[in-house]
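# Structural overview
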Amino acid sequence: MSEKKYVTIKPFKIEKSWLTVLQKDFSHSYFSTLVNNHQQEEKTHTIYPDSSLVFEAFNRTPFEKVKVIIIGQDPYHGEGQANGLCFSVNDGLKHPPSLKNLLKELSLDTKCSYPKSGDLGPWADQGVLLLNATLTVRKGEANSHRDLGWKRFTDGIIEKLSTQKTGLIFLLWGGFAQRKGNNIDCSKHHILTSGHPSPLSANRGHWFNNRHFTKTNTLLIEQGKEPINWKLV
């Protein structure tokens, strides 16, 4: 694999293909305010993930390689959990409840064993953009950065993906993700919706048996694209 090139948007780094797409955002006053808000938060709180991982979803999945988008809400707020990819945790960590249900559905849908690893990085490397709507969070305070300024930034990313690409597959799990995707051009892209994998939704029958993993691969194959190898170790 060729070495990826990064550019620095202090205090973050981002893979260079996204710089062209997001240059206007990075130059806008709202993003300067967002960065300032983030830096002020770091002075008084522990913030997840580390600044080096805030743009990990983009760094693992360059713009030209995006085929599938999964939209999460915000990073995990427990120590060591957030790794910059929605729903994902690093190897060796206990699987949070939503991730556990996600992986149960994966196992049921693809007939593979439930994985030990909760790291979804292998999906990102194949073109699955694992995008949280809010990219940072205070330790122990879920959704604490919802008003920090990330909403405008990630809304813009979804809009640019919808406008500049065709044939993308958006997996919108739960009401929040579905509202986040309101502006996706469904005449150009595929949208699969279901309940959220959280226990509250899953236990009410709104998550399991959505078969989004195999449905996604069917849609990719129909477009002549390489399917995703969803199997995790």
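Residues numbered from 1 in each chain as written. Predicted model: local features only at pLDDT ≥ 70, side-chain atom pairs only at ≥ 80, totals over all residues. Heavy atoms only, no water.

## Observations concerning the overall build of the protein chain
A tally of helices and strands in the protein chain yields nine helices and eight strands. The globule rule puts the C-alpha radius of gyration for 233 residues at 17 Å, and the 17 Å found for the protein chain is close to it. Oriented by its inertia axes, the alpha-carbon framework of the protein chain measures out at about 45 × 35 × 35 Å. The burial tally for the protein chain puts 52% of its 233 residues in the buried class. By sequence separation, contacts in the protein chain at least 24 residues apart represent 66% of the contacts at least 6 residues apart. (Helix = DSSP H or I, 4+ residues; strand = E, 2+ residues; numbered from the N terminus. Rg over C-alpha atoms; globule rule 2.2 N^0.38 Å. Buried < 20%, exposed > 50% of the residue type's maximum accessible area, 1.4 Å probe, protein only. Contact = heavy atoms within 4.5 Å.)

## Some words on the packing of aromatic side chains
On inspection of all chains with the given rule, the structure shows 20 aromatic pairs. Between F26 and F55, the aromatic rings sit 6.2 Å apart at their centres with planes inclined by 40 degrees, giving tilted as the arrangement. Residue F26 is found in helix α1 (residues 16-27), and its partner F55 is found in the loop between β3 (47-48) and α3 (56-60); the two are separated by 29 residues along the sequence. For the pair F26 and F55, a shared accessibility class is recorded, and that class is buried. Here F55 and F153 contribute two aromatic rings whose centre-to-centre distance is 5.7 Å and whose plane-to-plane angle is 25 degrees, an arrangement assigned as stacked. Here F55 is found in the loop between β3 and α3, whereas its partner F153 is found in helix α6 (residues 150-164), with 98 residues between them in sequence. Of the two residues, F55 and F153, neither departs from the other in class, the shared state being buried. (Phe/Tyr/Trp six-rings, centres within 6.5 Å; stacked < 30°, edge-to-face > 60°.)

## Here we look at the pairing of strand β1 (residues 6-9)
Both β1 and strand β2 (residues 12-15) contribute to a ladder of four bridges, which runs antiparallel. Bridge assignment links I9 to a residue of β2, and that residue is F12. (Pairing = 2+ DSSP bridges.)

## Overview of the sheet that holds strand β8 (residues 190-194)
Across the sheet, which stays open at both edges, the four strands sit in the order β5-β4-β7-β8 with parallel pairing between neighbours. Only two strands of the sheet have a single partner each, and these edge strands are β5 (128-132) and β8. The sheet shows a mean angle of 20 degrees between the axes of neighbouring strands, taken without regard to direction. (Axes fitted to C-alpha atoms, helices over the stretch in contact; angles between N-to-C directions.)

## Some details on the nonpolar core
Formed by 62 residues in total, the largest nonpolar core has its most connected members in W18, F55, F58, W123 and F153. Not counting residues within four places of it along the chain, the set of residues in contact with F153 comprises L22, D25, F26, Y30, F31, F55, F58 and L135. (Core = buried A, V, L, I, M, F, W, Y, C linked by side-chain atoms within 4.5 Å.)

## Quick word on empty space enclosed by the protein
Within the structure shown, the criterion is met by two cavities of 30 Å³ or more. Roughly 50 Å³ of volume is contained in the largest cavity. If you trace the largest cavity, you find it lined by P49, L53, V54, A57, P75, G84, N132 and L135. (1 Å grid on protein atoms, 1.4 Å probe; cavity = no way out; pocket = protein on both sides within 12 Å on 5 of 7 lines; lining within 4 Å. Points joined across faces, edges and corners; volume = space filled by probe spheres on them.)

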